[in-house]
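# Coordinate inspection notes
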Amino acid sequence: MASLTLQNITKRFGVVVALSDVNLHVEDGAFFVLLGPSGCGKSTLLQIVAGLDRQNEGSVLLDGQTVDEFSPRQRDVAMVFQNYALYPHMTVSQNLGFGLRMRGIPKSEIEQKVMETARLLGIEHLVKRKPRQLSGGQRQRVAMGRALVRRPRLFLLDEPLSNLDARLRISVRLELKRLHQQMKATILYVTHDQVEAMTLGDQVVVMQEGRVHQIGTPETIYNRPTDTFVATFVGSPVMNLFEGKVDRQGNRFRFHSADFSLDLGKVNQALVGRNVEVGVRPEDIGVSEGTETGLRAEVEMLSNVGADKYIHARLGNSPVTLRAPRNVTCQTGETIRLSMDAGKLHVFHEGKRIP
Amino acid sequence: MTWLKKTGFLLGILLSAAFSLVPFLLFVSSAFKTQAQVTAIPPELWPSFSIDFFRSAILRYGILHYLANSVIVAGSTTVATILLATLAGYALARLPRRWAHFSLMVILACAMFPQIAIIGPLWRFLRFVGWLNTYQGLVLPYVALTLPLAVWIIALFFREMPQELEAAALVDGCSRIGALVRVILPLSVPGLFTAAIFTFIYAWNEFFLALLILTDPAKQTMPVGIALFQGEHTVPWGEIAAASFITTAPLVVMVLLFQRRIVTGLSAGAIKG
């Protein structure tokens, strides 16, 4: 296994900038997730790492060695595609052994490695079948197996779970995590699904329109989003954002929006009088019924998701979503009282987080 | 209304089928008649299934030797055309769409020159290189004339092929050519076959160039051979019909045998399903 470093990667398609000055470092053995909406350049980045596409500027390094001039074959990486891209004219075992065959491994060794991998993935009974005779989940396993069997320096996974149904996706996700811990493989994993990113990644990089917004552990990404894009892209339901101004009352700072005001605790002096956005996650809003303290909000809609209840309400003109325990019994049209703890607020100025 | 539509549709199909089949069937029936039947008035439609004309076409007119020439010429044309069209088609399928479209249009334009306009220079060129009355002298213009359509068919087929398959092959350690040969070509058999059939039929049936380039009876192909059956005073209708039958039958059988191949895409199962 190898470490991967990307230095100042820029990729243009004509006048469209697909990737703009991307820098990142994936430690040997890390599970690294590229998260972003479709069209953010994450798949292009994967293609560049694999050597299938060429960057306009910057370098790709494996174990500190530049591989820009290397063909995909020389880079010795493996890739799992979103649509699996199994060779339809070959059986499962031929599919699994193809990469080994292309590298001139002796036949007996190929056979042994193919069976080993098939057993690891629980597909040894399918090795004689063609891809069209397999279910979606089985195809997905074969695609994974084709990458695993070669023991490459780096795994590149391009939304490998997005074609599975929801239940299967969860079980394969767990299995993937287990496989990673077992094999200590270096993985670069692309997804637009934040749950996948948060559950799988040791490190997550959030991208949008070819730019890296934030790199960090899932906890950092969630708890300290670096800007409003990351704040609203990660987390479900979406973080509430309110626009307003900061003013100072003695030692305390207060946030004023058109509809309400909040205690901000201690913030940077320089923000006084500036426009800011204040974010608060739905689970960080306290709710109480029938009291007289806190912000008044009118309940517009309730959605039940089993363990929790989401309340969609209105604070004056600003919509707000909060997560409430199951036992909260408010009804549509009722007034509730909300409380937001200064320590759990995220403050952004011109889109950037104020620490 | 739907009843009327259905009947009209059926009638249309029957009419167009009859329109193309009747002349062919008349020929087939003539081939199996006797000399007396062919010239009978009023004409007899049902043949007596005599093989006299076949025997005479083979023994007296030596058509097997024309047949062999046709097999050599059409066969080499097909092999050369498909080989070149595969490489060209692959390159065009991977070019940026705008350029590929432009190139395909230019290639197609080349196929639109009327034969009569190119035969003069072509003949002089072949005489210059000494290829008149040689197989390669005929194969060369055939390849040039069949390439555009073959490139079109194959390029469009390659373009439909999911790019990921090729990417997977490259990551698995293939070179470009390796990926083409090991992954893309096996999956493109229907497309290659369609192009090959078109090419083969063209070269098999072509008359005009063959007549002018191959004047030596030892090298002439079937269509030319048949056309030259007629003497100054005789038109051996029966033998012509028998020879035409022998020329056409292999094509019909080939297309019927492989039509499923031509129609079915092999790539089912490559992509999620």
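Residues numbered from 1 in each chain as written. Chains lettered and ligands numbered in written order. Predicted model: local features only at pLDDT ≥ 70, side-chain atom pairs only at ≥ 80, totals over all residues. Heavy atoms only, no water.

### Notes on the interface of chain B and chain A
Operational definition: Only heavy atoms enter the contact rule, under which two residues are in contact if any of them lie within 4.5 Å. Note on terms: buried area is the combined drop in 1.4 Å-probe accessible area of two parts once they are placed together, counting the loss on both. Note on definitions: salt bridges are taken to be side-chain nitrogens of Lys or Arg within 4 Å of carboxyl oxygens of Asp or Glu. Two N or O atoms count as a polar contact when they lie within 3.5 Å, although within protein this holds only if one can serve as hydrogen donor and the other as acceptor, and sequence-adjacent residues are included solely when both atoms are side-chain atoms. Helix and strand labels come from DSSP, where a helix needs a run of H or I of at least four residues and a strand needs a run of E of at least two; each type is numbered from the N terminus. For this classification, the nonpolar set comprises Ala, Val, Leu, Ile, Met, Phe, Trp, Tyr, Cys and Pro, the charged set comprises Asp, Glu, Lys and Arg, and every other residue, Gly included, is treated as polar.
Listed by partner, the interface residues are 22 residues for chain B and 25 residues for chain A. For the pair chain B and chain A, the summed buried area comes to about 2000 Å², and 63% of that belongs to carbon and sulfur atoms. Run the count over chain B and chain A and you get 1 salt bridge. Applying the counting rule to chain B against chain A returns 9 residue pairs in polar contact (both at pLDDT 80 or more). For the side of chain B that touches chain A, the elements supplying multiple residues, two or more each, are helix 8 (163-171) and helix 9 (176-187) of chain B. In terms of residue count, helix 8 of chain B provides more of the side of chain B that touches chain A than any other element does, 7 residues in total. In terms of residue class, the side of chain B that touches chain A is built from 14 nonpolar, 4 polar and 4 charged.

### Brief notes about the pairing of strand 7 (residues 154-158) of chain A
Residues and elements named next belong to chain A. Keep this limit in mind: Exposure classes here rest on a 1.4 Å probe applied to the protein chains alone. A residue is buried below 20% of its type maximum, exposed above 50%, and partly exposed in between. Pairing between two strands requires that DSSP report at least two bridges joining them. Handedness rule for crossovers: strands pointing away from the viewer, path from the first strand over the helix to the second running clockwise, crossover right-handed.
Taking burial as the measure, the 5 residues of strand 7 include 5 buried ones, the bulk of the element. Bridging between strand 6 (residues 77-80) and strand 7 involves 4 bridges; their strand directions are parallel. Looking across to strand 7, one finds that valine 80 is bridged to leucine 157. Pairing geometry for strand 7 and strand 8 (residues 187-191), over 4 bridges, is parallel. Bridging from a neighbouring strand, leucine 156 pairs with leucine 188 of strand 8. Remark: the strand 7/helix 6 (residues 166-183)/strand 8 crossover connection has right-handed handedness.

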